[in-house]
Structures are given as structure tokens and as C-alpha cells.
Protein chains: 2
Amino acid sequence: MSSEKYVVGVDFGTLSGRALLVRVSDGAEIASAVHEYKHAVLEDLLPKSGKKLPPDWALQVPSDYVDVLKITVPAVLTSSGIDPHDVIGIATDFTACTVLPVTEDGTPLSELPQFESNPHAYIKLWKHHAAQPHADRINELAHARAEKWISRYGGKISSEWEFAKALQVLEESPEIYEGMRYWIEAADWIVWQLSGSYVRNICTAGYKGIYQDGAYPSPEYLGALNPKFSDFVTTKLEHTLGDLGAKAGTLSAEAAQWTGLPEGIAVAVGNVDAHVTAAAANAVNPGQMIAIMGTSTCHVMVSDSLAEVPGMCGVVPGGIVTGKLGYEAGQSGVGDIFGWFANNYASDEVQEKAKAAGVDIHTYLSDLSALQPVGAHGLVALDWQSGNRSTLVDHQLSGLIVGMTLSTRPEEIYRAIVESTAFGARKIVETFNKSGVPVKEFIAAGGLIKNRFVMQIYADVLNMPITVIKSAQGPALGSAIHAAVAAGAYKDVIEAAASMGGVEDERFNPISQNAEAYNELFGHYDALYEEFGHNEMMHDLRRIRDKAISQELHHG
Amino acid sequence: MSSEKYVVGVDFGTLSGRALLVRVSDGAEIASAVHEYKHAVLEDLLPKSGKKLPPDWALQVPSDYVDVLKITVPAVLTSSGIDPHDVIGIATDFTACTVLPVTEDGTPLSELPQFESNPHAYIKLWKHHAAQPHADRINELAHARAEKWISRYGGKISSEWEFAKALQVLEESPEIYEGMRYWIEAADWIVWQLSGSYVRNICTAGYKGIYQDGAYPSPEYLGALNPKFSDFVTTKLEHTLGDLGAKAGTLSAEAAQWTGLPEGIAVAVGNVDAHVTAAAANAVNPGQMIAIMGTSTCHVMVSDSLAEVPGMCGVVPGGIVTGKLGYEAGQSGVGDIFGWFANNYASDEVQEKAKAAGVDIHTYLSDLSALQPVGAHGLVALDWQSGNRSTLVDHQLSGLIVGMTLSTRPEEIYRAIVESTAFGARKIVETFNKSGVPVKEFIAAGGLIKNRFVMQIYADVLNMPITVIKSAQGPALGSAIHAAVAAGAYKDVIEAAASMGGVEDERFNPISQNAEAYNELFGHYDALYEEFGHNEMMHDLRRIRDKAISQELHHG
């Protein structure tokens, strides 16, 4: 046995899981392995029965997660060549809210033969959006009853979260609702598989499970939603809570066999991919906002003070690091808006030129539009093609662009769209600043950090330097850091993050002339934001759209 | 000699001229011929000297117009096989305001060796836009002095018109200004070439030459613009006026030689392409609005009553037919907006599919989007990519689109753009209705009438049946009708139009369900129109754009 110790972090994403073997002393990433889920996301059909799913459904299959443990952990041990006995802990992070019904012993209902053709028996993935009517009722009633917790979530509970999805199960499939002992986050279920212990992590309990001030929503409130829902918390949901970085248990004999790791090593409490990334970037101090920028963006930040920030996703004590308040906000569309435009609206000519230049369409459009000075396109856009999470919490909003002339080129609209998402980020930062939770540093993680064009625009629009996470696999490193803490190698996550996490030395500094020009354009973005965020035009256009489509379905 | 008589109409467009030989008795189109101008539009360089032109300039060469007479008229005589002695008259129509400086005998200054390298010696085509600063001063002073005529032009004189272009000549090239005897419309110059007589047609004098209530702008007003401009009207502009359909003179010996027509036949007073089309469609009665729909749209309508319609291009007694008031309005961008989108924003995939289907991209996008019910795209747009002529008279406005989601497809945006121009037409119709000059029929002419998809949308949006001109060469037929009147074959243009002009029997009828759905969408268009037509956002975005571009030019 060498003196160096190691930990394993496993990041469960939407389509695959990744294991990362990390050196405890300095966070060095020794080996990584990825495994794609066999069933990916079930959006059309159930496996085996082939049963058709309604629109807006998104399910997963529990055994796919276990396969990740069985395949990727042995792979990193093998490829690194280290002695498994030098591994002192394992931790995981997950998409959220991804949630499933299980029996008393943790068996997913979808694995019971009597339920395998019932869609409600499966895991509801974060992006299962079929519980919107249930979320609407949850919100309406919460405001009507002036429930104190509703303001901790920016005024709205999402259809993606535990209560909306559970209410959907109760009302659409009473037999599944009756048949389950626990309504459990996949983040906690996977820890149960590793350790044999069910511990609810404080992060998902707080952000997705409406656990606030030591309590869940009351039976009176729940009963007013549906009489049969009144005992949901006591009979299905509540369970021992665990802090982030704490030990949930030790590796079971069975899990040791799956993974090749020593039985008995520390298994950390579960966690969420975005939140765990804060540790990987060593951005765990008040005022350090970390933005995980990909198809959408998630912003997390710790603070010492409790504030109600309009439109935030939630504030949870210990929700990012123990002992501090964890804030979360989000932009529902970022990279996916860039993709929507580049894939659908770049003409033949532009596509050809990108091919000729040997670059992808994003790089080509970025390079072309980067040649122009700020504002030379004469455009400003709203980044709401996928709705607005923070600060308006309104997924019925839509996109807008203004200023086109007959000489407006695709690369100019592309740039205006990139800028619109940066303006959206600025709006969030300013809202935090105004709410008494000031943002002092902006740290970027996620797939978009590779795009220097995007990063510079964000620096210029925010008029703040942007630092970038060092690790290319932030969530898995974040989990590894939590494993090290759970194993006792560090006092706490803050100490571990300082040794094992970090950012690149190079930062994107705002260019003052650009920042000044963007100030002026942001004024127009803000005017559009306030106008269209509060007038009824976008809602009405959506209502007209939905009516037209439904009439077509009935008559067409 | 047969008993049937014939006339020739010659339509001078932006890039070519077309002659049409027409039977007087019923308007049957016997033969036509087109000739493209050798010099097309001079936008970069002068011919011979190769002198470079500044931005926004657009010039033409007079001999190109004469070539049209020399080539196309003999061609229609030959191909028809009729006896030239059966032709009783010729008439012409022109783009406007297309204007040139000439000597006492009508020689263009550009044909004098001492001026051939001076750009101001050439014809300023309608789309020469370099006199905007002069137009701005003309408008400012007219409002400051409360000149009565300004409201007859919707409150604004265009940079395209006679006074702005002349003031530019005076101030940028005094030698050309001094050297010219007449500042003459090309529409009247070509008639001079045919007949040896200079007659100012009442149509361009009224719409483009600020001739109102029997007078031009006063020397005091003109002197306040520039002291040297005070005698512009008396020394350069005013001349005998001629009614539309009147005889300007008879065909000269020289012109008879050019054309192969008999010397001495009637030559009609000049006219404008849009206005002459009203006769070709037999749309010469009060309440019949004819829209000439192409890259842009021009709306003309006669009325018995004088009204001030906000944002109209002008109202002129006898400006369309003698004895009635002629109203003109316009949309500065229509087909060119469709082209801008289809050419730049239809992806590879869409282009490929259009090719595979064997249709052009407009047809492909139209067919695809026609499948959807009204409003199913959830979009509404403003049609101001090329500014707004009527009703806002503001060329600094720009485009806007709202309602995009990640599933919005190019064909949906294409349809929203087509609809936006129909909404723009509705806004004009409603403005006329509210101003006491009601629109009772809507008749379409121009290149877009071939697109059934566009026509049906206009019918649904306007909630009016749309009839379509029968002739595929409306302006040339309209000129031929005026030739017949000038030759005495009919009492007046109204009588001639009834026999020789007309519309197709088939009309586009509004579909009531669509009309109802469009009412709702138009409400949103109208809200955007009022908001962005009057707030300063688009102006400000353009100012930011122009500043950014000029900084780049200085530093780049």
C-alpha cells in the first residue's frame, strides 16, 4: 500500500454515468470511464410491454444506474493500475429531481412483474413534464393558503419536483401509489444500493422535496390538494436526512463485488450534479456564484444570510455545503437555444462555408460574428425560447428578437442569441445583488466553457471577470471531493474543495469598451424583459397556438 | 387596313422596359417584348469615367430608355404581324420618382462631354437614397412653417422625391444645378423623346413634385432651405401640366423611325407604373384599392372626397384618373422580406428537401406552413425589416418577431413573416377606413399574385375577398389603355378601363374561421405596432449599430 489515498466519484447524468478516480491529496484525476444507459430516456415506449407513453413523459430504468457502477468503477481501477485498497470512499451525484417508487427494501416497483407494464412504476426523470397540472394546483393552493415555504422557491414549485410527480402518480395510478413504500430520489436510491442504507440527502430534500425550516408541507395543505394525499409525507416521503459530505454508510459486500472496491469503505450521502460542482470549482464561499452552463444553466451560490430572491429555484440550509445557505437559480434555455438556431436557421451557404472552413456550425457562426463590434448587428433578443426559470418562473414565455433589417445575417442573429442568454445571466446576478445576496465572483462550468466566444461575451455583459473550472468532469470530481470528506480525509467540504477543486489560472476579463456598449443594450433587454415578462402577449400567443393545434387534432 | 385598331403601352421598370401591343376594342394582349437596360442600375461606378459612387446612390443612363423604344416596339409589330397603320397611339409608364437634369432642348446633362464624369449629371433612380439629409431638412422646415401641403403627404416628403434630390444636386454640384434648364421626371422625358413636347404629367407633379392646390412650395419656403433654392420652381421645375390619358403630342418623325409606328399618332401624357395599373385592373372607382405587390407594395385608390390619411404617400387630384382624387400608400418591404428570410435562414435540410421536391424554396416553405391552422405557430411579427412607409413613415424602424420556442420551424417563421405583411396591409386599409376614405374592394396586382398561399392569407387577414388583375403585364396594359384614351378611342380612362382592363373571375374569399383567428393575432400585431412604432427602441438600436460600425471603420 502506497501512502497516497484515492476516492471514486460517480456522476449520473441524463444519458450516461461517469466514474472518476481521484487522488485525495490534491484532486488529481487519475482515470475515468463512461457508460451509457442501455435504455437511455423512455419517451415513447416502455421496455418489454412496448406500452406507448403520453406526451411530455420521460422515464428511466433503475438497473441502468447499477450497470454504471458495475462497469465504470472496475474500469477506472483497472486503467489506473492502483491498488483498490488505496480507495477510501465513494460518492455519487445525480440529475434531480429524478424520482421513483420503491418497496420497503428499496426494490423499484418497475422491477415487480405485476407493475412492469405500468409507466408510473418507472423512474420519473427530471425532464418528465407531464405533472404540470398538478404543479399548478400545488402553487395555486400554496399561495391561497399563504404557505410560508412557497417564497423559498421564488414563488413556484416546479412540475419536475417530488410533490407534483407524486400527486400525478396518486391521481393517475392509485395502485402504484398504494404499492410504494417510499417515493425516493434516484440520488438517494443509488446510495442505498451502494451502502444498504436509505438516507435522504438534504440537498434534494430541500430543493425538490419542500423540506423547509425542519418540516414538509402540512397534512392539512396536502389534504386540500387531494384527501388521499394528506399522509403523503408521513407514509411515503420522510426519512432520515443526511448532510452533504456525511457518510451514509459503508460499502456493502454486494456493492464491493460489483465495483471491485473494498467492502466497508465510506459511502457519502447522495448529491445533485449542479450543486456538487461548486466543490469541484472550489467555489464554496459566500458570493461565489457558479454557473453550470450547458443546454440550460444552473446557478448555485452559498451565503451566510437568508434572503428571498425573486424567481430563485430555492434556498436550502446546507443545500450546497453544510453550515451555509445554498441558493439555486436557473436559465431554462441556453446552449439548446444556440443549437436550435444553428441547426435550423443557418442557410445552405453558411453550412457550406462552415464545412469548407473545417469547423462546426457553432464555431463558424461564432467566428464570423466575433468580427463585429458590440451592437453592430443592431439587435436585441429575449432568451425565452424554452421559457424563463429565473427570475420570472414562467415556462409559458417565448423568444423575441427585434432590430432585423434586410441586411441582417444569420451570424448576427446567432450572436444576439448568445448575448440574450448573457443578459439573462446578468438579470439573475442583479436580482441576487438587489436581494441582499451579492454575487462577488462568477465561475463557469459545464460544456459551454469550451466556447471562448461565449465566455468573453458573458464577461463583457456581466462586466465581471469569469473564471472557469479546471476539471473537465466537474460533477464527478465534486462527488470525489464529497467521498474524501465522508471518508474523513478532510474536516469538511470547504477544506477538501480548497485542496482538490479549483479553477483555471486564466480568466476572461471584461473589455471595458464592450462592457460599456453592452450596458446600453442590456437596458433594452431589460425593458423588453419587464414588458413581455408581465404583459400577456406571449401567454396569449401560446393559448392561440394550443387551441389551433387541438382543433387540428380533433378535426384534422 | 382591318377594322380593328391597336395601341402600344411601354412600361419602364427598374431593370428593363416592356412593350405590349393591345387591341383597342377589348384589351386583348397581342404581343409583348422586353429589353434589359444595358447599364442596369449604376450603384458602384459611372460608365466611361469609372468614377466611384458613394453609398446609397442609384443612377441610370437615359439612352437605355430610348433603346427600349427602338428594340421592343418594332419587335411587337413584327411578332404580331399587324399592319403598323392600325396602331393609333402609344403611351408609357415609369418608375417614380426617377428624375434627371436636362438642357432647354431636353438633352440629358450626362450626355454632354463636360459633365459625363459628374454623377449628378445622371438620372437619379427612385431608389437613390442619398438625399435623406435634404429630405429631413425639407420635412423639419415644412412642419416648422406649418406648410399646408405637408399633410397631403402623410406628414413626410420622401428622400426619393423631386425636391430632396434637387436640393442634393444644388448643394453637392452647383455646376450641374446651374447647367440644367429642367429637373424632369423620366416619365415626362420619355414622352418628350416620343413627341417632341415637354408636358409634366399631373401624377408625378402631384405625388413627387409637391404640386398641391395649383401651386408648388413657395419661394420663401425654398429660400429658407437654401437661398439659392428659392427660385427652383420657377427656373427649373414648373412647366405645362398634362392630365393622365390626355394627348401630350403626336409621334415625331424621329420616333416613328425608331419604333416603326406611323408618324403623327397620339402620344399620351406620361404616367407611373403603380398608378397606371389601376386602369389595367379596371379598379378606377372610389373604394377600389389596388395593391401592386412585389418586393414592396404600392396601394392606390381613387375617391371623390379629400381626406388627410395618416402616413399615406400622397393625395393628388387627377393623380390616378382625371376628375377624382388619387390616394397612394405603401409598404416598403414585402416580397423582399420573404426573400431575405428564405435565402438566408432556411437550413441545409430545408433547402435539400425543397430541391428533392423539385420546387423553389418559397413554394416549399409556403406548402409546409400552409398545412398548419392559423395561429398554430404561436408567432407574431412586425414587417419593418425595410422600415415602415404607411402608416408610420419611418424608415429607421426594423423587424421584430415574438413567440419562438425550441420547436419553432423555419416554415413557421416564414408564414409569420408573410402574415406580418398582410397585417401591415390591414393596418393601411383600416387607416383609410377611419379617415373617411373607405376601402370597399381589394384588388391585387404585381409579382406576388402568383403565390396563392400569400393571396389566401391576405384575404383571411383583411377579411375581404381579393380579386386579382387579369393581365400578367398590368403596367404595360395600363399604359395601352391610356394610349387608347389619348387617341380618342374612348371618352375617358374609366370607360377604356371597363372595356380593356379587368380582373380574374376567380377570387380569393376569406375563410371565416381563419379570419376570426387572424383577428386575434392582428390584435397583437397592432399592439406591437403601436408600441414599437412610437417607443424609441428601434431608433436607438440603429443608432447603436451605426455608432459601432463607424467606430470600426475609423479604428478597424
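Residues numbered from 1 in each chain as written. Chains lettered and ligands numbered in written order. Predicted model: local features only at pLDDT ≥ 70, side-chain atom pairs only at ≥ 80, totals over all residues. Heavy atoms only, no water.

Trainee: Provide a residue-level description of the relation of the copies chain A and chain B, including the pertinent values.
Mentor: With an RMSD of 0.1 Å, the operation that places chain A on chain B is a rotation of 179° combined with a shift of 0.0 Å along the axis. Here the copies are linked by what is in effect a two-fold axis. With an isologous cut-off of 70% or more, the 98% of interface residues of chain A that recur at the interface of chain B puts this contact in the isologous class. (Least-squares fit on C-alpha atoms with pLDDT ≥ 70 in both. Contact = heavy atoms within 4.5 Å.)

Trainee: Kindly report on the sheet that holds strand E12 (residues 266-268) of chain A, identifying the contributing residues and their values.
Mentor: Residues and elements named next belong to chain A. The strand order across the open sheet built from 6 strands is E3-E2-E1-E5-E12-E11, with neighbouring strands paired in mixed fashion. Where the open sheet ends on each side, the last strands, each with one partner, are strand E3 (29-36) and strand E11 (247-250). If you compare each strand with its neighbour and ignore which way they point, the axes differ by 20° on average. When strand E2 (residues 16-23) meets E3, the two strands line up antiparallel, connected through 7 bridges. Looking across to E3, one finds that Gly-17 is bridged to His-35. Against the sheet, helix H5 (residues 186-195) makes contact with strand E1 (6-12), strand E5 (87-94), E11 and E12, and its axis sits at roughly 155° relative to E5, the strand it touches most. (Pairing = 2+ DSSP bridges. Helix = DSSP H or I, 4+ residues; strand = E, 2+ residues; numbered from the N terminus. Axes fitted to C-alpha atoms, helices over the stretch in contact; angles between N-to-C directions.)

Trainee: I'd love a proper account of the sheet that holds strand E5 (residues 87-94) of chain B, names of residues and values included.
Mentor: All names here are of chain B. Ordered in space as E3-E2-E1-E5-E12-E11, the 6 strands form an open sheet in which the pairing is mixed. Here the strands that pair on one side only, and so sit at the sheet edges, are strand E3 (29-36) and strand E11 (247-250). Neighbour-to-neighbour, the strand axes of the sheet open up by a mean angle of 20°, direction not taken into account. In the packing of helix H1 (residues 62-80) onto the sheet, the strands contacted are strand E1 (6-12), strand E2 (16-23), E3 and E5, and the crossing angle to E3 comes to about 150°.

Trainee: Would you mind going over the pattern of salt bridges in detail, with residue names and values included?
Mentor: Residues and elements named next belong to chain A. Here the structure, examined in full by the defined rule, presents 46 salt bridges over all chains. Note that Lys-48 is salt-bridged to Glu-116, the shortest N-O span being 3.4 Å. Of the two residues, Lys-48 sits in the loop between E3 and strand E4 (59-60) while Glu-116 sits in the loop between strand E6 (99-102) and strand E7 (123-124), which places them 68 residues apart along the sequence. In this structure, Arg-426 engages Glu-430 in a salt bridge whose closest nitrogen and oxygen atoms are separated by 2.9 Å. Placement of both Arg-426 and Glu-430 in helix H14 (residues 410-434) is noted, with a separation of 4 residues, approximately one turn of the helix. Assessed through its relative accessible area of 24%, Glu-430 is described here as partly exposed. Residues joined by salt bridges that share partners form a network here, namely Lys-148, Arg-152 and Asp-213. (Salt bridge = Lys/Arg side-chain N within 4 Å of Asp/Glu carboxyl O. Buried < 20%, exposed > 50% of the residue type's maximum accessible area, 1.4 Å probe, protein only.)

Trainee: Could you give me a rundown of the nonpolar core, with the residues and numbers involved?
Mentor: With 328 residues, the main nonpolar core has A:Phe432, A:Phe532, B:Phe432 and B:Phe532 as its most contacted residues. Discounting chain neighbours no more than four positions away, the residues touching A:Phe432 are A:Met289, A:Met301, A:Val309, A:Met312, A:Tyr327, A:Ala329, A:Val437, A:Pro438 and A:Val439. (Core = buried A, V, L, I, M, F, W, Y, C linked by side-chain atoms within 4.5 Å.)

Trainee: Before we move on, can you summarise the environment of B:Asp367 with the specific residues and values?
Mentor: Position of B:Asp367 relative to the elements: it lies in helix H13 (residues 361-370). Taking C-alpha positions, B:Asp367 is 36 Å from B:Ser479, a pair spaced 112 residues apart along the chain.

Trainee: Go over the environment of A:Asn388, please, and point to the residues and values.
Mentor: All names here are of chain A. Residue placement: Asn-388 occurs in the loop between strand E17 (380-382) and strand E18 (399-404). A residue is classified by how much of its surface remains accessible, and Asn-388, at 5% relative accessible area, is buried. For Asn-388 and Tyr-211, which are 177 residues apart along the polypeptide, the C-alpha to C-alpha distance reads 24 Å. If we ignore the near neighbours within four places in the chain, the residues touching Asn-388 are Ser-332, Val-393, Asp-394, His-395, Leu-397 and Tyr-529. Only 3.2 Å separates the side chain of Asn-388 from the side chain of Tyr-529, close enough to count as a polar contact. (Polar contact = N/O pair within 3.5 Å; in protein donor to acceptor, adjacent residues only side chain to side chain.)

Trainee: How would you sum up the interface of chain A and chain B? Please name residues and give values.
Mentor: One widely used convention gives an interface's size as the accessible area the parts lose upon coming together. On the chain B side, the residues contacting the 58 residues of chain A number 57 residues. A combined buried area of about 4500 Å² lies between chain A and chain B, and 61% of that area is made up of carbon and sulfur atoms. Of all residues in chain A, A:Tyr345, A:Leu406 and A:Leu541 bury the most surface against chain B, accounting for 15% of the area lost on that side. At the junction of chain A and chain B, the tally comes to 2 salt bridges. Note that A:Glu520 is salt-bridged to B:Arg543, the shortest N-O span being 2.4 Å. On the surface where chain A and chain B come into contact, there are 21 residue pairs in polar contact (both at pLDDT 80 or more). Of all the elements in the fold, those that place two or more residues in the side of chain A that touches chain B are helix H11 (335-345), helix H12 (348-357), E18, H14, helix H18 (512-534) and helix H19 (537-555) of chain A. Here the element with the most residues in the side of chain A that touches chain B is H19(A); it accounts for 13 residues. Where E18(A) lies against strand E18 (residues 399-404) of chain B, 5 bridges are found, and the strand directions are antiparallel. Its bridge partner being in E18(B), A:Val402 is matched across the sheet by B:Leu400. (Buried area = accessible area lost by both parts, 1.4 Å probe.)

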